Amino acid sequence: MPDKYQNLLDGNMKWVENTMKFSPDFFKKLAEGQHPEFLWIGCSDSRVPAEEITNTLPGSIFVQRNIANMVVHTDTNLLSVVYYAVKVLKVKHIIVCGHYGCGGVLAAMTNNNFGFLDNWLLNIKDVYRIHCKELDAIKDEKTRGERFVELNVLEQVNNLAKVSFIQEEWENGEFPYIHGWVYHIDDGVIHNLELTTNSAKKLNPVYRYESNKVKK
Ligand code: CO
């Protein structure tokens, strides 16, 4: 029975062959363990695969993806990934990568009912509420959607900075740096939003945790 899913398995065998041709030790080395320097928090959108668009190989990036690259503090899946990346893998950089034309972000901008998805989209609507003055002032819908994508990345960078175990890392050193990027689906280029941070200083004081270190 011809089925497209078989193409995936055939594709895998081709990929193994090609990889072995160029780097016979590739899988042997990977099997020894992972030491990625990057954690990627991206959108589940099939057009934004972390490794391909950054021209990196397996082993380079620890990845978490969900609809609209959200950092939700009740999401134990995401927080476990972040915790492992920061505390065990000791990644040096966390990248929140949004993308223009993000279906999740654009859906959150509407008043349409998306059923169960509405519960997730509420987190994105909260971002709209924080920035509604700026966003409401943008009359062109496409431009407003693009700015919303950028502001959503900004708020997810902030949400990471609000995590107490990340603040704890910053007490002990400079890492991890948190970055905010937006990917252009129409030309493949990543736009750096220059949001890089490794401190909680820019957050409202209510989000800054006191040190648990014993004062000498
Ligand atoms: Co998206």
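Here is a short report on the structure shown in this document. Remember, it's a predicted structure, so these values are computed and weren't measured experimentally. (Residues numbered from 1 in each chain as written. Predicted model: local features only at pLDDT ≥ 70, side-chain atom pairs only at ≥ 80, totals over all residues. Heavy atoms only, no water.)

1. Details of the overall build of the chain
Okay, so step 1: Assigned secondary structure in the chain consists of nine helices and five strands.
Okay, so step 2: By principal-axis analysis of the C-alpha atoms, the chain measures approximately 55 × 55 × 30 Å.
Okay, so step 3: Out of the 216 residues belonging to the chain, those deemed buried represent 39%.
Okay, so step 4: Residue pairs in contact within the chain that sit at least 24 positions apart in sequence constitute 63% of those at least 6 positions apart. (Helix = DSSP H or I, 4+ residues; strand = E, 2+ residues; numbered from the N terminus. Buried < 20%, exposed > 50% of the residue type's maximum accessible area, 1.4 Å probe, protein only. Contact = heavy atoms within 4.5 Å.)

2. Comments concerning the coordination of the cobalt ion
Okay, so step 1: Protein coordination of the cobalt ion is provided by Cys43 (SG), His99 (NE2) and Cys102 (SG), with donor distances spanning 2.0 to 2.3 Å.
Okay, so step 2: Counting gaps between the donor residues of the cobalt ion yields the pattern C-x55-H-x2-C. Remark: histidine 99 occurs in strand E3 (residues 93-99) and cysteine 43 occurs in strand E1 (residues 38-43); sequence separation between them is 56 residues.
Okay, so step 3: Given the relative accessible area of 0%, histidine 99 is considered buried. (Donors = N, O, S within 2.8 Å, 3.2 Å for Na, K, Ca; no water.)

3. Details of the packing of helix H4 (residues 76-88) against helix H9 (residues 164-172)
Okay, so step 1: Look at H4 against H9: their axes get within 10 Å of each other, and the N-to-C directions meet at 15°. Judged on the interaxial angle alone, H9 and H4 are roughly parallel. The two elements H4 and H9 cross, and the hand of that crossing is left-handed. Two secondary-structure elements touch here, H4 through Leu79, Val82, Tyr83, Val86 and Lys87 and H9 through Phe165, Ile166, Glu168 and Glu169.
Okay, so step 2: Of the residues contributing to the contact of H4 with H9, the split by class is six nonpolar, no polar and three charged. (Axes fitted to C-alpha atoms, helices over the stretch in contact; angles between N-to-C directions. Parallel < 35°, antiparallel > 145°, perpendicular 65-115°, else oblique. Left-handed = near helix turned anticlockwise from the far one by under 90°. Nonpolar A, V, L, I, M, F, W, Y, C, P; charged D, E, K, R; others polar.)

4. Brief notes about the packing of helix H6 (residues 118-130) against helix H8 (residues 141-161)
Okay, so step 1: In contact at an axis separation of 10 Å, H6 and H8 are set at 100° when each is read in the N-to-C sense. One finds that H6 runs roughly perpendicular with respect to H8. On H8, the residues touching Ile124, Val127, Tyr128 and Ile130 of H6 are Arg144, Phe148, Leu151, Asn152, Glu155 and Gln156.
Okay, so step 2: When its residues are assigned to classes, the contact of H6 with H8 shows six nonpolar, two polar and two charged.

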